[in-house]
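Letter by letter, the chains look like this.
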Amino acid sequence: MPITTINGLTDIAQIRPLSKFWTYYRIASEAQVLTNTVNNEKVQETNVRYHINAAISHIADLLSLAMEPWYGVNIKATIEASAHDFGLDYVDLTSGGNTALDMARFLHHIERVNIASGTRKGNMTKWDLSMLTQQKSDWNVQHAQTAAWTHFGNDLLLLFGNDIESTVNTGAASYSYDVTSSDIVIAAYRQPLLDDMLVPSTSITYLRTKDSSAPTITEFVDLPDKYCKLLIDMVQASILQQINVDVPKAVEQNINQATAQLTQMIEAKRQFEVNSKQGFDRGITRLTPPGAV
Amino acid sequence: MRIWEAHKALSLALGDTVNFLDANGLDATIISPPNSMPDGVWLLHSLRNSQIYRAMLKVYNEIIMSVAPLDRQIAGSVIEKIMPNTILTETQTIALNNSAQTMALDSKIIYLTKVYCRNENNDVYPIPIKNGIEVNALLNTRNVQNPDAFAYLFNVELGYDVSILHIYDFKNEIDGMTAYISFIKYPRNPAIAIDNSNPDYNWNSELDIEEILIPKVLSYAKLYALQEHQDMELLPALQMELISPNQQGG
């Protein structure tokens, strides 16, 4: 099993949702009250639940693009025992068919990759895919001690320089480093957990728990409480769209303002990355120099 | 208003005479209802029955037609407002078969106002009422979003005092619950109230319509009677009376 744990857990389902108060049921109830559609004549409960799922996915996407910390996970993996078609080392993110740890469909994007066990530890450099394949050459001396990665499809592709022993690099008389059985630690952003959309009698997310009893952890939405107002506004807008009613200006404004804030955060983050890159080009760097593992 | 009262009122309004005297020459209606409905000079009581019944249907027809363009929910609440005492509620236990149930209701329904279910904790589950077109749309295989349970009133063969209600519940949510079905049904025809020994429905029974609508029923009955007799002198005045806004809704 290349992926061994996510946040130390062995099942995606064990990840705890982010809200402290808002359950799926409470969000649905609030949105239906605000749109005056509590009586399910035109808007059915299932519709509202789908609206909630769609809105959570959208907000979580913005938050992860802005690299807000909420959906960050650390994934522990080991290098696959065979080489990738590209001739590179890799980690299969579908985890060899173990659906409990199938990160390929659960990832938003991968942020950093580290090697974190054994005597050799360190950050791996993110390279472009063509860079990885280009440098995968027996004559590569300059990057003999480089460890680089890229995320492509269901795989995390890894390049280890010719001086590092791995699944692909074997047969040399001696290597400076050996990462064959090292843990690869991946800092990634995940997708949010969503309502399972099962009927309330079998659902573990949508239980219509009355406020007098304590909801179980799976009933909470996977969104920080401070963004739940935005979620409710978005669900409200979807409901009104569904019944062909104009969305009130105030609701539209709230949604636009909140998403504009998130977009600004994304832009600021992007600018930071660009500045870092420019500094790097001029030799001013906070990044690990080439060759470091 | 009782049936014999309506007959008396209609006869008098038409200038007809009705013999309600008992054996002692007293007005029998003051003491007790008549054992049989006397005929008038102009109109037989069976004709008056027909006119009264047609007038009742006309009043219902006006109400239904006025709410027809409205959203079903609003229409239901308007009808419950206009005729609060005419609304009947039937209860049935939900026993789903393949996510659906066909219920036979012992009434010929004019308008279904609301349907809801209750479980043993008295939690209420409102059941939207849909028409045939909407039902087709809700059963659309191309849509994976199963709707909440909904009800559909199906027509039955003419001549049966039964209405068929279909309930669909793809979530199996309301199975075993008690369904409460509220509706107005067709009024009872006064012509059936022949046998005065029938304790359920006789000359002394209330006219089977919301009491506040009776003035309008009598006006229409009078119109039909005069039309039948082609009494053109009285007609224009009566037509004015029916059209006048004060008469709307009784």
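It should be noted that the structure appears before, not after, this text.
Every value quoted in this text rests on a predicted model; they were computed, and no experiment measured them. (Residues numbered from 1 in each chain as written. Chains lettered and ligands numbered in written order. Predicted model: local features only at pLDDT ≥ 70, side-chain atom pairs only at ≥ 80, totals over all residues.)

Participant: Quick one: what's the story with the sheet that holds strand S2 (residues 100-105) of chain B, residue by residue and with numbers?
Facilitator: What holds strands together in a sheet is hydrogen bonding between their backbones, with the strands either parallel or antiparallel. Residue and element names in this part refer to chain B. In spatial order, the strands read S2-S7-S6-S5; together these four strands make up an open sheet with mixed pairing. The outermost strands of the open sheet, each flanked by one partner alone, are S2 and strand S5 (129-130). Taken together, the five bridges between strand S6 (residues 150-154) and strand S7 (residues 163-168) define a ladder with antiparallel strand orientation. By the bridge assignment for S7, Ala151 is matched with Ile167. (Pairing = 2+ DSSP bridges. Helix = DSSP H or I, 4+ residues; strand = E, 2+ residues; numbered from the N terminus.)

Participant: Please give an account of the nonpolar core that cites residues and values.
Facilitator: Where a protein is soluble and globular, its nonpolar side chains tend to be buried together. Counting residues in hydrophobic clusters, the biggest one holds 64 residues, and the most contacted among them are Ile27(A), Ile59(A), Leu156(A), Leu158(A), Leu223(A), Leu231(A) and Val235(A). For this core, the element with the most residues is helix H4 (residues 228-242) of chain A, which contributes nine residues. When residues of this core are assigned to domains, at least three map to each of domain 1 (18-69 + 197-276) and domain 2 (71-191) of chain A. Setting aside chain neighbours within four positions, we find Leu231(A) in contact with Ile27(A), Ala55(A), Ile56(A), Ile59(A) and Leu223(A). Counting residues in each nonpolar core, the second largest holds 52 residues, with Met37(B), Ile63(B), Ile127(B) and Ile214(B) among its members. (Core = buried A, V, L, I, M, F, W, Y, C linked by C-beta atoms within 7 Å. Buried ≥ 20, exposed ≤ 12 C-beta atoms within 10 Å, placed from the backbone. Domains from an automatic or database assignment. Contact = placed C-beta atoms within 7 Å.)

Participant: Residues and numbers for the sheet that holds strand S10 (residues 183-190) of chain A, please.
Facilitator: Residues and elements named next belong to chain A. Strand order in the open sheet formed by eight strands is S1-S2-S10-S4-S5-S6-S7-S3, and the pairing between neighbours is mixed. In the strand order of this sheet, the two ends are held by strand S1 (3-6) and strand S3 (89-92), each with one partner. Recorded for the sheet is a direction-independent mean angle of 30° between the axes of neighbouring strands. The pairing of S1 with strand S2 (residues 72-78) spans three bridges and is classified as antiparallel. (Axes fitted to C-alpha atoms, helices over the stretch in contact; angles between N-to-C directions.)

Participant: Lay out the interface of chain A and chain B with the relevant residues and their values.
Facilitator: The interface of chain A with chain B comprises eleven residues on the first partner and ten residues on the second. The class makeup of the residues in the side of chain A that touches chain B is three nonpolar, six polar and two charged. (Nonpolar A, V, L, I, M, F, W, Y, C, P; charged D, E, K, R; others polar.)

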